[in-house]
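This is what each chain is made of:
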Amino acid sequence: MDPDEVFEEHEMPIAMPCNCCRIVQRNRYVQHSLAFFAIVWTRRDGFGRWIEQYSVDTGHGYFHEHVHGHQRPNDRRNIRPLRAQVDVQECFDEGYDQVHARQQRGCKG
């Protein structure tokens, strides 16, 4: 990243009605444009820690998912390559929908 670019990062946890899950968005902006995002479904474990269950993000030049929430090796599945910054913005809604659907199917709370 160019050191002269304006960089902002925001983390926004969204509590789910079940109270045992949340969805966290991590958004990075460069000069007020979305440059990277991660949308993560987490679930509280028996010790009160938030454990990642599933996520999508735009790192490594791909819009991709982590089907086991980084808990197993090689759990990344590429969905599509990102060729331009606008591709990151276009994947955001799809990514949120994927994480929310996975949370709805997998929540036991």
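Before any of the text, the structure's been laid out above.
All values reported here derive from a predicted model rather than from experimental measurement.

1. A word on the overall build of the protein
- Helix and strand counts for the protein stand at one helix and six strands.
- Starting at the N terminus, the α and β elements of the protein follow one another as β-β-β-β-β-β-α.
- Every one of the 109 residues in the protein was classed for burial, and the buried ones make up 35%.
- Intrachain contacts of the protein at a sequence separation of at least 6 include 32% that bridge at least 24 residues.
- As presented, the protein carries roughly 6700 Å² of accessible surface, and 48% of it is formed by carbon and sulfur atoms.

2. Concerning the nonpolar core
- Within the largest apolar cluster, 15 residues are counted, with the highest numbers of intra-cluster contacts made by F37, I39, V56, F63 and V99.
- Only strand 2 (21–30), strand 3 (33–44), strand 4 (50–57) and helix 1 (85–106) provide two or more residues apiece to this core.
- Filtering out sequence-adjacent residues up to four positions away, V99 remains in contact with I23, I39, V40, W41, Y54 and V56.

3. Overview of the pattern of salt bridges
- Considering all chains together, one arrives at three salt bridges under this definition.
- As a salt-bridge pair, R80 and E94 come within 2.8 Å of each other at their nearest N and O atoms. Of this pair, R80 sits in strand 6 (residues 76–81) while E94 is found in helix 1, placing the two residues 14 residues apart along the sequence.
- Residue classification places R80 among the partly exposed residues on the basis of a relative accessible area of 32%.
- Residue classification places E94 among the partly exposed positions, given a relative accessible area of 29%.

4. Overview of helix 1
- Between the first and last C-alpha of helix 1 there are 32 Å, a value that for 22 residues agrees with the 32 Å anticipated at 1.5 Å per step.
- The largest bend along helix 1 reaches roughly 35 degrees and is located at F92.
- The set of residues buried in helix 1 consists of D87, V88, C91, F92, G95, V99, Q103 and G106.
- Residues of helix 1 that are buried sit in contact with strand 2, strand 3, strand 4, strand 5 (62–66) and strand 6.

5. Let's talk about the state of the cysteines
- Taken as a whole and judged by the stated rule, the model has zero disulfides.
- Residue C18 stays outside any disulfide, its sulfur separated by 3.5 Å from that of C20, the closest cysteine.
- A residue is classified by how much of its surface remains accessible, and C18, at 26% relative accessible area, is partly exposed.
- No disulfide involves C107; its sulfur sits 3.5 Å from the nearest other cysteine sulfur, which is in C18.

6. Describing the packing of aromatic side chains
- Enumeration according to the criterion identifies two aromatic pairs in this entry.
- Geometrically, the ring pair formed by F37 and F63 is tilted, given 6.1 Å between the ring centres and 50 degrees between the ring planes. Residue F37 is found in strand 3, and its partner F63 is found in strand 5; the two are separated by 26 residues along the sequence. This pair shows no difference in class: F37 is buried, exactly as F63 is.

The rules behind the values
Residues numbered from 1 in each chain as written. Predicted model: local features only at pLDDT ≥ 70, side-chain atom pairs only at ≥ 80, totals over all residues. Heavy atoms only, no water. Helix = DSSP H or I, 4+ residues; strand = E, 2+ residues; numbered from the N terminus. Buried < 20%, exposed > 50% of the residue type's maximum accessible area, 1.4 Å probe, protein only. Contact = heavy atoms within 4.5 Å. Areas by Shrake-Rupley, 256 points an atom, 1.4 Å probe, with all protein chains shown as cover. Core = buried A, V, L, I, M, F, W, Y, C linked by side-chain atoms within 4.5 Å. Salt bridge = Lys/Arg side-chain N within 4 Å of Asp/Glu carboxyl O. Expected span 1.5 Å × (residues − 1). Bend = angle between axes of the 7 residues up to and from the residue. Disulfide = S-S within 2.5 Å. Phe/Tyr/Trp six-rings, centres within 6.5 Å; stacked < 30°, edge-to-face > 60°.

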